[in-house]
Amino acid sequence: MVNIGVDYYPEHWDESLWEKDAELMKTAGVKTVRIAEFAWCRIEPRENEFDFGWLDKAVKIFAERDIDVVLCTPTNCPPLWLYEKYPDSLQWTRDSKPIATGIRGHRCYNSPSLRRLSERVIVKLAEHYKDEPAVIAWQIDNELDAVHCCCPTCTEKFRNFVMSKYGSLPEVNSAYGNVVWSGEYSSETQIIPPLGSYELAWYNPAYMLDWFRFCKESVNDFVRFQADLIRSVIPDAKITTNTWLCDKTPDFHEMFKPLDFVSYDNYPQTKLPDDPEELYSHAFHLDLMRGIKRKNFWIMEQLSGVQGCWMPMLTTPKPGMIKGYSMQAIAHGADKVIHFRWRSAAKGAEMFWHGLIDQSNKPSRRFGEFTELCAEVRRLEIPENAVVNNKVAILYSSEQESALQIQPQTNGFHYYNQLKSFHDGLTALGIGCDIISEKADFSGYRVVIAPTLFITDENVSKRLHRFTEKGGVCVITNRSGVKDDNNGCIMSPLPTVYSDMTGCKVAEFDAVGRDSVKIKMGGSDYRVSQWCDILELCGAESLAEYAERFYAGLPCVTRNSFGEGICYYAGTIGERKFYKDLMKQVLSTAGIEYVDDLPQNVEITVRETNEEKFTFIFNNNGEQIGVEYCGENFILMPFECRVLKSRKG
Ligand code: GLA
Ligand code: ZN
């Protein structure tokens, strides 16, 4: 059954508190704890001297109370003795200096010493707990990101990565276009990470994309290495890593391949934005996480209190948020929601990051809400095989994300926002969608939305053609077909390889940035910004035209028949209403019924088994709201999630 948990740090608290904490967890209804992800210095206080006594005691305290344990490999924080003795285990900055110790996460994934010492501690840990039934899953490291380590080991590995990809220096030079600014390599030793203090934006984008790819591959390899070690001791271990959305995002689809399930650290905003156009729902991220393996996932860290420590503290979660945001995660396929953290940090680097118990050691208002959450989840009895089935998919790709991070195209543009806008348009119509890899199987979907296919993968293009030809509805957008796989421009009219599907060509574009331009679609006016593709029809019909600037009257959104299917092209980026209205047309074309009159920011999600159906109606607003759904009227309090449980058939 779906259940609720907490992140706990026995090593941070006096032992006299452990039993009391566990007892209170049990009373509250906690079923899972995650422990030990930063505890290497207590597990191995001196090189090759291990101490599991304290951890055994903590695990036992939970096991005795039927609380399951997620145990972590502690590699995020190698102890100081390790860094001191094996300095190659530290990441280097772009100034070719080792990062000063004292903060977490500064290990180099490729360092031979780090690998050797990680292997030992992981194997010891796995051997020690292999027969402990309370340990139900393993977390690798913590919030891994694709760090840009510039140490000598990484430099050499990067060089080998480039050379084995292209085979020879002339091939590298040609792929990167190195002749520009006299950057041609005449020796392999010149292939180095982007060192120095220049903004990365000044570097050659083709070279930069390979550097990002290499950094992502380094994390993937570190994850494979750890998963293999755990499985060498516990063949049927359930293994994950808790991922997040950060600056140097890993390639989620590749990173999770060797792992059993996805877990995500979920921190929804506690302050709702003043701008009603700002998309703040975390539903997008939750769908992205479910889409990685197209399976249910876990929340390994969930908002519990005031956030702050390395930054000024943020506004406290409002009444309803602790419960509502956890229910929202469950609605989108989370099977466990583990709250970060049990108690507010009172000492150390994370001082003032708040948990469910305040630093006064008194259960907080939020704790009260948390216990209600535990009770409701227990009452609902949602089986883990209750899954989300959708007919609409949005494609996400780590390649596009990196390439657009390297070259953001226009002011205000962000790859995620492009995806989120479509997601928001569908949500506004009560339609769930999966966010899946470009490389995933499209069969089973009626609509595939493919925002900004900037880098062209021929295989993806072929599969989208086939999907549409066979009767699917496809949506292609601006900045698609721009680049080849080496991040160089394709020299043919945009959207190049997709032009036959779209039945239109980009005659010219205007990168308008934050300025806004009026368009007309189906008799209504909309504001668009960032990007205006001025389209020339080659078989498609126009659905919307610009109403301003020198391109007034010319098309910006089109629809084309392709084989048995339909391909839409959206050449611009609009306000929320634009996506909602565009999605109405797309869904009608695909024969998918939608809810037309949902109040703004109300989300409807369904999880189902063969027998049961759970419909979640979530009010993601700070005000009470009335919702009419399937002929019934509901009054939802701020952030309330109402769950309707029914039997099927
Ligand atoms: C991340 C980390 C946690 C903690 C929280 C909040 O999610 O994984 O260890 O630092 O942020 O600070
Ligand atoms: Zn390194």
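For the structure itself, consult the block above.
Note that the structure is predicted; figures quoted are calculated from it, not measured.

What counts, and at which threshold
- Residues numbered from 1 in each chain as written.
- Chains lettered and ligands numbered in written order.
- Predicted model: local features only at pLDDT ≥ 70, side-chain atom pairs only at ≥ 80, totals over all residues.
- Heavy atoms only, no water.
- Buried < 20%, exposed > 50% of the residue type's maximum accessible area, 1.4 Å probe, protein only.
- Helix = DSSP H or I, 4+ residues; strand = E, 2+ residues; numbered from the N terminus.
- Pairing = 2+ DSSP bridges.
- Contact = heavy atoms within 4.5 Å.
- Axes fitted to C-alpha atoms, helices over the stretch in contact; angles between N-to-C directions.
- Near = heavy atom within 4 Å.
- Polar contact = N/O pair within 3.5 Å; in protein donor to acceptor, adjacent residues only side chain to side chain.
- Areas by Shrake-Rupley, 256 points an atom, 1.4 Å probe, with all protein chains shown as cover.
- Patch = residues over 30% accessible without salt bridge, like charges linked within 9 Å, V, L, I, M, F, W, Y side chains within 5 Å.
- Salt bridge = Lys/Arg side-chain N within 4 Å of Asp/Glu carboxyl O.
- Donors = N, O, S within 2.8 Å, 3.2 Å for Na, K, Ca; no water.
- Tetrahedral: all angles 85-135°; square planar, octahedral: opposite > 155°, others 65-115°.
- Expected span 1.5 Å × (residues − 1).

A. Region of interest: helix H11 (residues 321-331). Along H11, ten of the eleven residues are buried, which leaves the element largely enclosed by surrounding structure. All buried positions along H11 are accounted for by Met321, Ile322, Gly324, Tyr325, Ser326, Met327, Gln328, Ala329, Ile330 and Ala331. Of the residues trailing H11, Gly333 is marked for its positive phi of about 115°.

B. Looking closely at the sheet that holds strand S3 (residues 68-72). Taken in spatial order, the nine strands of this open sheet run S5-S4-S3-S2-S1-S9-S8-S7-S6, and their pairing is parallel. A single partner strand is all that each edge strand has here, and the edge strands are strand S5 (239-240) and strand S6 (242-243). Alignment of strand S2 (residues 32-35) against S3, held across four bridges, turns out to be parallel. Its bridge partner being in S3, Thr32 is matched across the sheet by Asp68. Sheet strands in contact with helix H12 (residues 365-380) are strand S1 (3-7) and strand S9 (334-339), and its direction is about 145° off that of S1.

C. The sheet that holds strand S12 (residues 447-450), seen in detail. Strand order across the open sheet formed by ten strands is S11-S10-S12-S13-S18-S17-S16-S14-S15-S19, with mixed pairing between neighbours. Sheet topology places strand S11 (434-437) and strand S19 (572-574) at the edges, where each strand pairs with a single neighbour. When strand polarity is set aside, the average angle formed by the axes of neighbouring strands in this sheet is 20°. Two strands pair when backbone bridges link them, and strand S17 (residues 555-562) and strand S18 (residues 565-570) are joined in this way by six bridges, in the antiparallel orientation. Counted as the bridge partner of Ser561 is Ile566 from S18. In the packing of helix H14 (residues 415-427) onto the sheet, contacts are made with strand S10 (392-396), S11, S12, strand S13 (473-477) and S19, and the angle to S10 comes to roughly 175°.

D. Structural view of the site of ligand 1. Residues in close proximity to ligand 1 include Phe38, Arg104, Asn142, Glu143, Asp265, Tyr267, Glu301, Trp310, Phe340, Glu350 and Trp353, which together make up its full environment. Here an oxygen atom of ligand 1 sits 2.6 Å away from a polar atom, N or O, in the side chain of Glu143. Contact with the protein chains removes 96% of the 300 Å² of surface that ligand 1 exposes when unbound.

E. Layout of a nonpolar patch on the surface. A contiguous nonpolar surface patch, about 710 Å² in accessible area, is contributed by Val179, Val180, Trp181, Tyr198 and Trp202. On the basis of relative accessibility, which here comes to 56%, the residue Val179 falls in the exposed class.

F. Broad picture of the coordination of the zinc ion (ligand 2). Surrounding the zinc ion (ligand 2) are the protein donor atoms Cys108 (SG), Cys149 (SG), Cys151 (SG) and Cys154 (SG), which sit 2.2 to 2.3 Å from the metal. Viewed at the metal, the four donor atoms of the zinc ion (ligand 2) are separated by angles of 102 to 118°, and the geometry they form is tetrahedral. Binding-site remark: the zinc ion (ligand 2) is held by donors from one chain whose sequence spacing is C-x40-C-x1-C-x2-C. Under the relative-accessibility criterion, Cys149 is labelled buried at 4%.

G. Local environment of the pattern of salt bridges. Taken as a whole and assessed by the stated rule, the structure comprises 44 salt bridges. The salt bridge involving Arg46 is made with Glu49; its shortest N-O contact spans 3.0 Å. By relative accessible area, Glu49 is classed as partly exposed at 40%. For the salt bridge of Arg576 with Asp424, the shortest nitrogen-to-oxygen distance reads 2.8 Å. A residue pair is termed long-range when its members are at least 10 positions apart, and Arg576 in helix H17 (residues 576-589) and Asp424 in helix H14 qualify at 152 residues.

H. Just H12, in detail. For H12, with 16 residues, the first-to-last C-alpha span of 23 Å sits near the 22 Å given by 1.5 Å per residue. Along H12, the positions that sit buried rather than exposed are Arg366, Phe367, Glu369, Phe370, Leu373, Cys374, Glu376, Val377 and Leu380. Looking at the buried side of H12, the elements it contacts are S1, helix H1 (15-28), H11, S9, strand S21 (612-619) and strand S24 (641-647). Sitting at the amino-terminal end of H12 is Ser364, which places a side-chain oxygen 3.2 Å from the backbone nitrogen of Arg366. The first or second residue beyond H12 is Glu381, which carries a positive phi of 50°.

Read these as layout, nothing more, since geometry by itself doesn't imply function.
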